Amino acid sequence: MADARAGAGTVTGPMVRAWIEKSAEVLAENRKYLTELDSPIGDSDHGNNMDRGYKAVVEKLPEGDDIGAMLKSVAMSLISKVGGAAGPLYGTMFLDGSKPLIGKTVVSGEELAQFFADAINGVKKRGRSDVGMKTMLDALAPASDAFRAEFAKDGDMPASLKAAAAAAKQGMEATIPMQAQRGRASYLGERSIGHQDPGATSSYLILQAFSDAVEEAAK
Amino acid sequence: MIGIVIVSHSGKLAEGLKEIADVMSGQPVPVAAAGGVDDPESPLGTDGIRVLEAIRDVMSDDGVLVFADIGSARLNAEMAIDLLEPDERENVHFCDAPLVEGVLAAAVQIGAGSPLQTVMREAREAALQKAPPPGEPQETRTGGVVREFTIRNPMGLHARPAALLVTTMNGFSGDIRLANLSKGRNPVNAKSINGIMLSEVTANDRISVTADPAEAEAVFAAIEELIRANFGEEGSVASRPAPAGVPPRPETTSPAVSASGALAGISIAPGFALGPLHHVRSTLPEIEPVAVTDPVAEAERFTRALSGAETEIRTSLADAGQRISAYDRKIFDAHISYLHDPEIIETVKQRIIGEHVCAEAVWRDVVAGLARTYAALEDPLLQARAGDVIDVGQRVLRFLTGGETSPAAVSEPSVLAFEDLRPSDVLAIDEKTILGICTMSGGKTSHAGILASALSIPVVFAVGDALAGVAEGRQVLLDGTAGTIVLAPDAETIAAMEKDRKTWEDRRARAEAVRTLPARTSDGHEIRVAANMASVEELGVIAGSGAQEVGLLRTEFLFMHHDSAPGEDEQYEVYRTIVAGLSGRPLTVRTADIGGDKPVPYMDRPPEANPNLGWRGLRYSLGVPEFFDVQLAAILRASAHGPVRIMFPLVSTLHEVKAAKERLRAVMKKLRARNLAFDENVEVGLMIEVPAAAEMADILAPEVDFFSIGTNDLTQYVMAADRANAKVQDLFDPFNPAVLRMIARSIEAAHEAGIWIGMCGAMAGSPVAAPILIGLGLDEFSMTPSDIAEFKLTLSGLSLPACRDLAVDVLKLSSADAVRDRANVLLGR
């Protein structure tokens, strides 16, 4: 069973730091892939932008285990450095999600579920968008639901994040047949059908990195 | 000063745009460029933190406007605003305007000292003005004074000179239009930088400028001054940007404010008020489009809001009870009909479902577009409908967003300031707590103007955008009689006002006491007082005005607001409604007086070089019998429901009168054949407004039952002076003895033939003219309803013998001024 400091049902500061660093690695590895996804329906810059943004994130990440402070720092770096629409969108996601977590070094499953909910609401508001419009929300929203459902079963954090990443992957793949209704891709109308959304893809990669980082820490 | 932040994907574009804005604004306006990202390899993009810092760089209490190019720039601009502290954020707005045009329009407006709302509006509309309607014929705006100028400075009206012109024109409250005659361009708003720039005025081009008569001379003088100063080119000292180190001019000297700290507008209802100013938001609020997942349910929510708004209108009408007349209610019936407009409802629903966006955002967008369409029309009556559209639009929005119910509620007695007054605002006015009303824009002919003129508190319209800059709660002095607002009244001004108010209130109380009494001189000579009318909406006002009859119903409104000529039944319905509303008081209907200066699209008239001397009035009606017959039939049918008179405008010869009567007999015959009722003895009269008719009045009189003198046209033709030409305004004066002799001759001829004679021009309501016209023997005085009480009071202080002596005297005088002086002596003024 879990120990008292960082049990299987919680996420700790070092885990969050590991998540952020892993996200940066994954996004660097997938820079070309994301840009390829972006070229038929976007500006061919999503891979480059996310990589640049996360490099700045790692560079400026504050010392210590304050989870809210780390996530807020992620937000500010992304807002400043991404350059494209993903900047304010991911920026709002981490900023809105981080607010209740300032000063916390350990986060419970309930708090993490709230983090996902706040983050998703922030993205909806900033992008005036919702699920089904071929955006990052199509990966984030099902992940949030899956996390909540899985965690409610027996409070297993790694299993819950794994379920969330799996749901994000499904959601990402579900954007392929969708017609884009937001952003540059929406200008293409029906021609946006048949392409996987780059924003949903980077969201999946970040959630998968979260799951992997927590799983490794729990080993 | 309001600051500007430019957010662009390109750092170079942002810097370049800032450079143009700095040059064009005329005053040093704080502009910050926030473009590009900090990555030399791919510098295109936007940096939300850079935007945040830029906002703070230009921030002041006056506010900041943020402009962005596309996509992420917009998101980052909004992100940056959200990142501000709540107390910083209050006056920072994202301005959804085209980047280049929007920033430049805003810079010029800020330089001119315009308030935030005006700057935002001009910026947003900057792109609309990019596409002027192609190839439409030029229209002369009725009522404006026109003058031509030649632009001589080398640059023409571009960049700085254009900005200087806009800044100068913004100092005037009225509408000013400029047309490039040399390039054959349509008139544009002279206060719009884009309009001026698009007119492409280059050196040596001729321009025409049209301004409100009240301030035309000042406008023209200001333009002459600019031309003399070469628009600041080549070392002129006029209005250059202040050199560095010199503080910008203080905010209190907003351009529309005169040296005495008063704003001037149009008097709608007289009276005085002193109290704190309370701003009432009367424009559509900005609404963030929010995505919805269930658009069908959202469309249903929209339908519920429509029916909620309808119920609210019906309830407030029921609550208003006797405060508004049955005819004023028609305005709100029209509002209810907007709520049922299938095209609007369908558009909104389709967009909700198609775009997955919340109902309030779509509704706001559709209503704003509709209001803009109305406001862009030339006809002032149609323009005024924009107010009704926004009124209804706001009501529905309140249901969608759950906003407050009464925007005009105040905690202490206040003077209310509106951008534009809506009919429902008037309905919501509680005359016990509202001391007075003033607005930035709006005209007498709007629904709200007509309704507000019946209020017992002072109302002043169209004092200009400077009103928005007056601080909430500031003590102001509203003079409804003079149409002004004194912004910082000192003790002396207040004391003088209190004295004036006392005099005015005494006078008003005495005038109100005689309003509904017969119009008599002190020695019992009785004349008839009538009202002039130009639309159905005025019925309520006229019913309470003390008028015994309607001496002139102008029927042009029936024809000018339609795509095709209204049919007999449609016209009949209007006349019948008015007859019924007058409850037995006679209605004098003037047949259409449409001339070449009031184009009606379906009439297909040839252009005329000189419309005032052209094919207008009865001349047109006789030339197009199918048009004339329809109107005569409709008027005749209305005569079955109450006393109606028919009056022909612009008669010159006996032949015309006979021809018109011939048509009338033919129409009567047809009505009898159709078994339709009408008054067989309907009175027929003609207007005396052409000198030929005045001169031949004795020949014309036996043909008709009455005359009515139209003093505006009569003066214009007798004096050969165009009333729209400021240069000859001293000639355009009905007090000229030449005009008075024409009037005297007509009255004499009428009485000789045993018929009565009235007057329906502006002179009829003038207290100074009253003793002269009574002395000359005029029987009926038809005037603006708001003049009636004062007129009757003036009358009650006159005696018939004194008036007769005066009339004999003035006909021998040599000038209009001498006539007025003589009349004023009798009036004790």
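Residues numbered from 1 in each chain as written. Chains lettered and ligands numbered in written order. Predicted model: local features only at pLDDT ≥ 70, side-chain atom pairs only at ≥ 80, totals over all residues.

The following threshold applies: UniProt positions are given in the numbering used here, feature names are shortened, and annotations may be inferred rather than shown by experiment.
Looking up chain B in an unreviewed UniProt entry gives the name Phosphocarrier protein FPr, with the organism given as Roseibium marinum. UniProt lists a comment for chain B under the heading Subunit (unreviewed entry), and it reads "Homodimer. The dihydroxyacetone kinase complex is composed of a homodimer of DhaM, a homodimer of DhaK and the subunit DhaL." Listed under Subcellular location (unreviewed entry) in UniProt, the entry text for chain B is "Cytoplasm".

Looking up chain A in an unreviewed UniProt entry gives the name Dihydroxyacetone kinase-like protein, with the organism given as Roseibium marinum.

## Notes on the pairing of strand β25 (residues 780-783) of chain B
Residues and elements named next belong to chain B. Under the convention used in this document: Buried residues are those with 20 or more other C-beta atoms within 10 Å of their own C-beta, exposed residues have 12 or fewer, and partly exposed residues lie in between; C-beta atoms are placed from the backbone. Under the DSSP-based scheme used, a helix requires at least four consecutive residues in state H or I and a strand at least two consecutive residues in state E, with every element numbered from the N terminus. Strand pairing is assigned whenever DSSP identifies at least 2 bridges connecting the two strands. Crossover handedness is defined here as right-handed if the route from the first strand over the helix to the second strand goes clockwise, with the strands pointing away from the viewer.
The two faces of β25 match: Glu780 and Ser782 on one face and Phe781 and Met783 on the other face are all buried. In this structure, strand β24 (residues 756-759) lies alongside β25, joined through two bridges in parallel fashion. The residue bridging Met759 from the neighbouring strand is Phe781, located in β25. In the classification by handedness, the crossover that spans β24, the intervening helix α29 (residues 770-776) and the parallel β25 is right-handed.

## Points about the sheet that holds strand β14 (residues 459-461) of chain B
Residues and elements named next belong to chain B. Test applied: Note on method: axes are straight lines fitted to C-alpha atoms, helices fitted across the in-contact stretch only, with angles between N-to-C directions ranging 0 to 180 degrees. By the convention adopted here, residues are in contact when the distance between their C-beta atoms, placed from the backbone, does not exceed 7 Å.
Ordered by their spatial adjacency, eight strands build an open sheet running β9-β16-β15-β11-β12-β13-β14-β10, and the pairing between neighbours is mixed. Taken across any chain shown, the strands that pair with only one partner, and hence form the sheet edges, are β9 (262-264) and β10 (266-269). Each strand axis lies, on average, 30° off the axis of its neighbour in the sheet, ignoring direction. Across the face of the sheet, helix α18 (residues 491-514) comes into contact with β11 (272-280), β15 (475-479) and β16 (484-486) while running at roughly 110° to β11.

## Examining helix α4 (residues 67-81) of chain A
Cut-off, in case you're wondering: Helices are assigned an expected span. That span is 1.5 Å times one less than the residue count.
In this model, α4 of chain A (15 residues) spans 21 Å end to end at C-alpha, consistent with the 21 Å of a helix rising 1.5 Å per residue. α4 of chain A sits mainly inside the fold: 11 of its 15 residues count as buried. Three or more residues of α4 of chain A are buried, namely Ile67, Ala69, Met70, Leu71, Val74, Ala75, Ser77, Leu78, Ile79, Ser80 and Lys81 of chain A. In this fold, the buried residues of α4 of chain A make contact with α1 (13-29), α3 (46-60), α5 (86-98) and β2 (106-108) of chain A together with α2 (48-57) and α3 (72-83) of chain B. Looking at the residues trailing α4 of chain A, positive phi occurs at Gly83 of chain A, about 90°.

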